[in-house]
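# What the coordinates show
Given next are the chains, with one letter for each unit.
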Amino acid sequence: MLKYLAHTRLRLIWTFAGLAETWRKEQSFRYWAMVNAVSILAALALPIGAPMRALILALGLLILAAELMNTGIERAVDYISTDNHPLAKAAKDAGCAAVAVTAFSGGVAWVVALVALAL
């Protein structure tokens, strides 16, 4: 049990280190965090139902998770080589597309919520 708790403590340390490093060095992550802050405030202020509010909040967190994974892909590719290579470009573009698709899903949730409010 103590070994499990010690490993859990390390996981928390690594998690916060990754978040802090990404916050410091990735403008895209800070951008999405600010968009999320606005989205959270709007979701809490508007009279939308709890399920829709939960969906909007969860999708916002998924955007941040996708950006963290994209950052990991970019850094791993750059660590291996800074040379231009079609596979490196494809990996980075796929990571970027993952963020875009996730953000699009959050936008769809907001459109559905706003349309439901208007009806």
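Every value quoted in this text rests on a predicted model; they were computed, and no experiment measured them. (Residues numbered from 1 in each chain as written. Predicted model: local features only at pLDDT ≥ 70, side-chain atom pairs only at ≥ 80, totals over all residues. Heavy atoms only, no water.)

## Remarks on the packing of aromatic side chains
Enumeration according to the criterion identifies 2 aromatic pairs in this entry. Pairing Trp23 with Phe29 gives two aromatic rings, centres 6.4 Å apart and planes at 90°, and the pair type is edge-to-face. (Phe/Tyr/Trp six-rings, centres within 6.5 Å; stacked < 30°, edge-to-face > 60°.)

## Re a nonpolar patch on the surface
Residues Met1, Leu2, Tyr4 and Leu5 make up a contiguous nonpolar surface patch of about 540 Å² in total accessible area. Take Leu5: it is sitting in helix H1 (residues 2-25). (Patch = residues over 30% accessible without salt bridge, like charges linked within 9 Å, V, L, I, M, F, W, Y side chains within 5 Å. Areas by Shrake-Rupley, 256 points an atom, 1.4 Å probe, with all protein chains shown as cover. Salt bridge = Lys/Arg side-chain N within 4 Å of Asp/Glu carboxyl O. Helix = DSSP H or I, 4+ residues; strand = E, 2+ residues; numbered from the N terminus.)

## As for helix H4 (residues 86-118)
When the terminal C-alpha atoms of H4 are compared, their 47 Å separation across 33 residues agrees well with the 48 Å that a helix rising 1.5 Å per residue should span. Buried within H4 we find Ala88, Gly95, Val99, Thr102, Ala103, Gly106, Ala109, Trp110 and Ala113. For H4, the elements touching its buried residues are helix H2 (27-45) and helix H3 (50-80). (Expected span 1.5 Å × (residues − 1). Buried < 20%, exposed > 50% of the residue type's maximum accessible area, 1.4 Å probe, protein only. Contact = heavy atoms within 4.5 Å.)

That's the geometry; what it means functionally is another story.
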